[in-house]
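# Observations on the model geometry
Single-letter residue listing:
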Number of protein chains: 4
Amino acid sequence: MIEYITAGESHGKGMIVIIKGIPSNLIIDENFINSELSRRQKGYGRGARMKIETDKVEILSGVWKGKTTGSPITIVIWNKDYENWKDKAPTPILEPRPGHADLIGGYKFNHLDDLRKVLERSSARETAARVAGGSLVKLLLKEFGIEIFSHVVNWGGIEIDTSHLPLEEIKNLAFQSEIQSACDKTTEERVKKLIDEAKQNGDTVGGIIEVIVNNVPPFLGSYQTYQEKLDAKIAEAVLSIQAVKGIEFGLGFKYAYTSGKKAHDEIFYDGKYYRKTNNAGGIEGGMSNGSPIVFRAVMKPIPTLMSPLSTVNISSKEKVEAIKERSDVTAVGACGVVIENSIAFVIANALISRYGGDDLNLIKENFNNDKSLKYFR
Amino acid sequence: MIEYITAGESHGKGMIVIIKGIPSNLIIDENFINSELSRRQKGYGRGARMKIETDKVEILSGVWKGKTTGSPITIVIWNKDYENWKDKAPTPILEPRPGHADLIGGYKFNHLDDLRKVLERSSARETAARVAGGSLVKLLLKEFGIEIFSHVVNWGGIEIDTSHLPLEEIKNLAFQSEIQSACDKTTEERVKKLIDEAKQNGDTVGGIIEVIVNNVPPFLGSYQTYQEKLDAKIAEAVLSIQAVKGIEFGLGFKYAYTSGKKAHDEIFYDGKYYRKTNNAGGIEGGMSNGSPIVFRAVMKPIPTLMSPLSTVNISSKEKVEAIKERSDVTAVGACGVVIENSIAFVIANALISRYGGDDLNLIKENFNNDKSLKYFR
Amino acid sequence: MIEYITAGESHGKGMIVIIKGIPSNLIIDENFINSELSRRQKGYGRGARMKIETDKVEILSGVWKGKTTGSPITIVIWNKDYENWKDKAPTPILEPRPGHADLIGGYKFNHLDDLRKVLERSSARETAARVAGGSLVKLLLKEFGIEIFSHVVNWGGIEIDTSHLPLEEIKNLAFQSEIQSACDKTTEERVKKLIDEAKQNGDTVGGIIEVIVNNVPPFLGSYQTYQEKLDAKIAEAVLSIQAVKGIEFGLGFKYAYTSGKKAHDEIFYDGKYYRKTNNAGGIEGGMSNGSPIVFRAVMKPIPTLMSPLSTVNISSKEKVEAIKERSDVTAVGACGVVIENSIAFVIANALISRYGGDDLNLIKENFNNDKSLKYFR
Amino acid sequence: MIEYITAGESHGKGMIVIIKGIPSNLIIDENFINSELSRRQKGYGRGARMKIETDKVEILSGVWKGKTTGSPITIVIWNKDYENWKDKAPTPILEPRPGHADLIGGYKFNHLDDLRKVLERSSARETAARVAGGSLVKLLLKEFGIEIFSHVVNWGGIEIDTSHLPLEEIKNLAFQSEIQSACDKTTEERVKKLIDEAKQNGDTVGGIIEVIVNNVPPFLGSYQTYQEKLDAKIAEAVLSIQAVKGIEFGLGFKYAYTSGKKAHDEIFYDGKYYRKTNNAGGIEGGMSNGSPIVFRAVMKPIPTLMSPLSTVNISSKEKVEAIKERSDVTAVGACGVVIENSIAFVIANALISRYGGDDLNLIKENFNNDKSLKYFR
């Protein structure tokens, strides 16, 4: 099983991830990992820090002459800021930000002398480590033709309809777009204006991301136990990401408005099984069904505001303004990148549980020999 | 840690659950467990089977003179149907139902001679075992004043607005309602009519459930690692339930339409910390924040239709109608009961990880001695 | 992954096990499971209870027309004793037996009113459930030619030397022997006499069991992380068995007396790799190396004595005799059966992690296609 | 729950460990960690490398102003050797060493072009990362008065009897001894001579280590399920260490020679429960019983020999000598240090599962409030 753990603080020495269980003999393209990190940093509305730090990985273990050895892989993204920052002896933080871990984290772990000990770890900077690890898993999935991408379908209330576009085009458009959306220039300008206005107001903007796992084989996940449902595992991975507050697969909440006759994807066969619709978002009975996996996730507006919210000083108990930290106005597109890379682990584990997980060549042979698969792709 | 596993087939001998890690000295009220099972079976639009079988538990282990011993608890719900059913030698099923595990499960586990082997386990009857186990955990939570309830806020597109009602009233209204909603009689009649019409059309109806964890203490879950986020764990539990296709916490997908200034719940203090709003749905930074946990989940319309969908015979590969099994027109209210009981495990584990988990008396002492808690409740 | 959990009390309704993750399409021979249970009950020196109860399994789920479905399998061994026993309203036990869980379990779980709540679960009767589950896994291993057996090599200090015998003969001799040892009649008589004398003295007898996993493929386990070492997993499984106090692989503690030059098994090749010795007990670097896995485990003498030890009444705190319960004089041979079946899970999981785990036919294909394997068997 | 993962290769950039779940507000004494690493490197008979590299940790995350924050802690031990080594372009290794992971690891992970990919990870250098992590956990245990130490009781067949010494003295003697044994100078000289002779012969020496967990509270572990047995967890941790081939608790294999009447530790009370003997090695029913936990582990002689064993070139399949790498003649004392630190995790997790695991201060309060504990210490 592939497992990973992240460590590191926002202004600490660096962000670290160890990934165990990656099969041997996978070619590691460090540029690809860095490009995913770069995608995580980009986007209209990102703050100053994103410009200061261009994240680059250093691989400390598990890769030999450009290939995985099957050993645990350690990746570090050194925080360039650290050397400057560490001597500044920042004053303690006692004003918890609403919408963050600050207040509860401070009381839970007894960090009442300085909430910075909470902030530093609960920060979304942690997701850099996930993207570093996840992008490596994306490389594994590519070997089986599986591709994960995302695009923003709602920016602060501005909906972007892509129902008329083929997946390939959505991917390409979003990839080139400054706002990670598959939309025309007019819409893009509207979104940018919304973000600009929020910035002027010291405000922030949330949105909705659609994520697609394309060319995914069937049989991933299982209905046998609640622990193996693929959608449950994806939901867990996605909701574990900072600021994500919801997920829906396929029709999602629209299922409430759709009757059974119209809701389900009828089954057809012409040498292979296929569907004409994908309301299920590619998952039936907790298993991938051969259609692309499609889900949407909502990101709340970032709660660190330049025009701060009301809060309470945890020492004096007086009403104060929450700390003001220069931050992003919005990071919805970046959140999509984090989601893509976080669910890569889920997909890969489901794959490995069917085909074994020691050596990439052996897994590929097992995959290619799977007769059941021939009925679907 | 509390862990559970369910077993059993829809028409097999019974549904079984083993729960390990329940603290010792918890008084077990078997009537309460049966009443939760009964709630799972009830509701307008349920099919014939729900009337035939009144689920009752038999506890096989882990309880001694009405109290838990700390040993694994086994609960069985015997299928009354089994004795009749087992000799009927039902004909093999070769027509997979769209929206179910049938097709993919059949090819994944090589059950192509009879998809019944898939149907029997992927059936939502499995959730009876979860409710049996979860209701036992609910008893544990009650000892700490924690209560979980649910109500349907959308029946097949008919929205039920409860924003004006206090939680206590929502609970009571929904509890008494035949449609598990906190609504007036007129709305109830509209919903019933919708369900009646669906029945006449051989159709089915989905909906949206709101779930509330009331009087929940803060500090459950953690921001420290993605594995400990409380919302992620809840999402995993909820999406693992048959037919659930989405979840959103607090404002949920509406966060996309709400700016940062309006989105977050400002912090106040008057002897204890409190909030005037609960947009976050009671979870910040992956931790309960002392406000009620509130989330919504969507259930798709049941895909077993009396007026069946088009599918393919997996042997002949010919186009056929999916199997027709007398089933429920809708089970959205029941789904709420399943969710309540499934997330009880998540809440209890988070509690135990802070206060220890051997003996109920010891846990209570630790809970009552927690000074941080005094600032919140 | 195959996982199992046992439940049940010694004098409760029955012993239960749920096993998840068993691949589909494995033929289940219930007679074999019952024969393993019978082996667990047999042996010279067993008490009265073993004669009363002939354990037989009832399978409640996961098997359809004699084959696994891939669904969780529930097995119950009903306690025949229960109906008589339950109305006897046994008096509370307040005299903890040294060597048992009684004292510590009573204080840990707050069962000071009646230690019976501890005894009932900590009893070695629990191992009946493990054998039931493990024997099912043995059936899975048989499909790959893997066989696990055991024999007693030391009975209360009487050593049985089998170094001159081939494995097949050891297996057969031990299988037929009343004392589960591959020895001659004279030695068997000596052992029986030892046991008889212990019985007369109200005493008990321990011993050492050797366990062999024969025809085991290489590549099980891994050196990559401490979590994957096969010997560590076996040791965990074996030490989790009641009364087992030690384990050693291959030369085991004799390695301390053997220099490096003589300790290791040199590698040879004649179309396949082979060894002339097996000091390593079949495991190098945490992996099976193609030689039989061989280890020994020590079982302490049963601490329930007819001539009881000194202890303390937990209520009065006075010095008393430990409770006297008619029990076995020895169960070393039975312990071997429990070990065999407990480690079956470990071996099977290691196998599945290389070859996948959905459908037995698919796993076999992957196994047979493994080119690396051809160099070893 | 405290969990850890190690990464890194013997001649790679460094050895890394991430530990999650360490409670907040534990004071971290980096000197102590380094001193444990130093203990791991010392000992009569260690090779050249141990002299080159003096391991020192760098903490990358999870510690703020000398205290833990509750966040994952990353520790790196940079390999000083790396810079020299990496450009040397070492020739591929094709001659697997008997007794190592080389042969099986090479075929399992398809590293047949260069077994170095196996050697580098399977090397015992990995244990440096475990010691770094474990010593941090030792600091946690110290807060509860729990102490873990070890001493060598058998060096290459030379037995060191310490049965007459109190634990405190064993600890002190072994700590000061060059051979980590609590013995007189004469015996020490005998051992050194044995090691010297082995060195001259290109041979290696194994031995037996006794490990003591002193002042350990009762109630750690549980009899309720096989997964919670403390001895099973310790055995797993110990057998996962390179070159360890066996473990025995208390009387261990001598239990076979001891009758029930003499084997068990009778229970006494004089205000607190106590024992006059500790044959059980401090564990009954899978739980610590308040006596010191005592077990022994055997380490095989290191299989890398200057006078190499016979093996097969995996490419040519010809008979060759195994690779000769300058290595230790013996490392039995160091193995004790690794064991101590590996089992620290097991003890700490058992503690946390009873008393909770967020903040050290809260855990201590819960610990001090435990009324059951008063009967034992």
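Please read all numbers here as calculations on a predicted model, not as lab measurements. (Residues numbered from 1 in each chain as written. Chains lettered and ligands numbered in written order. Predicted model: local features only at pLDDT ≥ 70, side-chain atom pairs only at ≥ 80, totals over all residues. Heavy atoms only, no water.)

### As for the relation of the copies chain A and chain D
- Between chain A and chain D, the superposition needs a rotation of 180° and an axial shift of 0.0 Å, giving an RMSD of 0.0 Å. Taken together, these values place the two copies in the relation of a two-fold axis. When each C-alpha of chain A is compared by its distance to the rotation axis, Ile18 of chain A comes out closest, at 3.9 Å.
- Here 100% of the interface residues in chain A have copies in chain D that are interface residues too; the copies meet face to matching face. (Least-squares fit on C-alpha atoms with pLDDT ≥ 70 in both. Contact = heavy atoms within 4.5 Å.)

### Side note on the relation of the copies chain B and chain A
- Relative to chain A, chain B is turned by 180° and slid 0.0 Å along the rotation axis, the superposed coordinates differing by an RMSD of 0.0 Å.
- Interface overlap between copies is the fraction of interface residues in one copy that are interface residues in the other; for chain B against chain A it reaches 98%, indicating a shared surface.

### Quick word on the packing of aromatic side chains
- Applying the stated criterion across every chain, the model contains 60 aromatic pairs over all chains.
- When the centroid spacing of 5.4 Å and the interplanar angle of 65° are considered together, the rings of Tyr273 of chain A and Tyr107 of chain B count as edge-to-face. One end of the pair, Tyr273 of chain A, is in strand 12 (residues 273-274); the other, Tyr107 of chain B, is in helix 4 (residues 102-108), on a second chain.
- On the basis of relative accessible area, Tyr107 of chain B is assigned to the buried category, the value being 2%.
- Joined through ring pairs, the aromatic side chains of Tyr107 of chain A together with Phe219, Tyr269, Tyr273, Tyr375 and Phe376 of chain B make up one cluster. (Phe/Tyr/Trp six-rings, centres within 6.5 Å; stacked < 30°, edge-to-face > 60°. Helix = DSSP H or I, 4+ residues; strand = E, 2+ residues; numbered from the N terminus. Buried < 20%, exposed > 50% of the residue type's maximum accessible area, 1.4 Å probe, protein only.)

### Some thoughts on the interface of chain B and chain A
- Listed per partner, the contact involves 100 residues of chain B and 98 residues of chain A.
- A buried area of about 8300 Å², summed over both sides, lies between chain B and chain A, and 63% of it is on carbon and sulfur atoms.
- When the buried surface of chain B facing chain A is broken down by residue, Tyr226, Lys245 and Phe253 of chain B rank first, second and third, together holding 10% of it.
- Of the charged contacts, one joins Glu236 of chain A and Lys233 of chain B as a salt bridge, the two residues approaching to 2.8 Å between their closest N and O atoms.
- Seen at the junction of chain B and chain A, the total is 49 residue pairs in polar contact (both at pLDDT 80 or more).
- Its residues assigned to classes, the side of chain B that touches chain A comprises 44 nonpolar, 33 polar and 23 charged. (Buried area = accessible area lost by both parts, 1.4 Å probe. Salt bridge = Lys/Arg side-chain N within 4 Å of Asp/Glu carboxyl O. Polar contact = N/O pair within 3.5 Å; in protein donor to acceptor, adjacent residues only side chain to side chain. Nonpolar A, V, L, I, M, F, W, Y, C, P; charged D, E, K, R; others polar.)

### Describing the side chain of Arg39 of chain B
- Tracing the chain through its elements places Arg39 of chain B in helix 1 (residues 30-41).
- Residues in contact with Arg39 of chain B, not counting those within four places in the same chain, are Lys138, Ser150, Phe175, Val337 and Glu340 of chain B.

### Section: the packing of helix 1 of chain B against helix 6 (residues 126-142) of chain B
All names here are of chain B.
- Contact geometry of helix 1 with helix 6 gives a least axis separation of 9 Å together with a crossing angle of 135°. As far as their axial angle goes, helix 6 and helix 1 are oblique. The handedness of the crossing between helix 1 and helix 6 is right-handed. In contact with Phe32, Ile33, Glu36, Leu37, Arg39 and Arg40 of helix 1, helix 6 contributes Thr127, Ala128, Val131, Ala132, Ser135, Leu136, Lys138, Leu139 and Lys142.
- Partitioning the contact of helix 1 with helix 6 into residue classes produces 8 nonpolar, 2 polar and 5 charged. (Axes fitted to C-alpha atoms, helices over the stretch in contact; angles between N-to-C directions. Parallel < 35°, antiparallel > 145°, perpendicular 65-115°, else oblique. Left-handed = near helix turned anticlockwise from the far one by under 90°.)

### Structural notes on the pattern of salt bridges
- Enumeration over the complete set of coordinates arrives at 112 salt bridges over all chains.
- With its nearest N and O atoms 2.9 Å apart, the salt bridge here joins Arg125 of chain A to Asp55 of chain A. Highlighted residues: Arg125 of chain A in the loop between helix 5 (116-122) and helix 6 (126-142) and Asp55 of chain A in the loop between helix 2 (48-52) and strand 3 (57-61), separated in sequence by 70 residues. As far as burial versus exposure is concerned, Arg125 of chain A and Asp55 of chain A are alike and both buried.
- The shortest N-O distance in the salt bridge between Lys371 of chain A and Glu365 of chain C comes to 2.8 Å. On the criterion of chain membership, the pair formed by Lys371 of chain A in the segment after helix 12 (360-368) and Glu365 of chain C in helix 12 (residues 360-368) is interchain, its members lying in two chains.
- Given a relative accessible area of 53%, Lys371 of chain A falls into the exposed group.
- Relative accessible area serves as the criterion here: at 26%, Glu365 of chain C is assigned to the partly exposed category.
- Put simply, Glu36, Arg39, Lys138 and Glu340 of chain A are held in one network by salt bridges that share partners.

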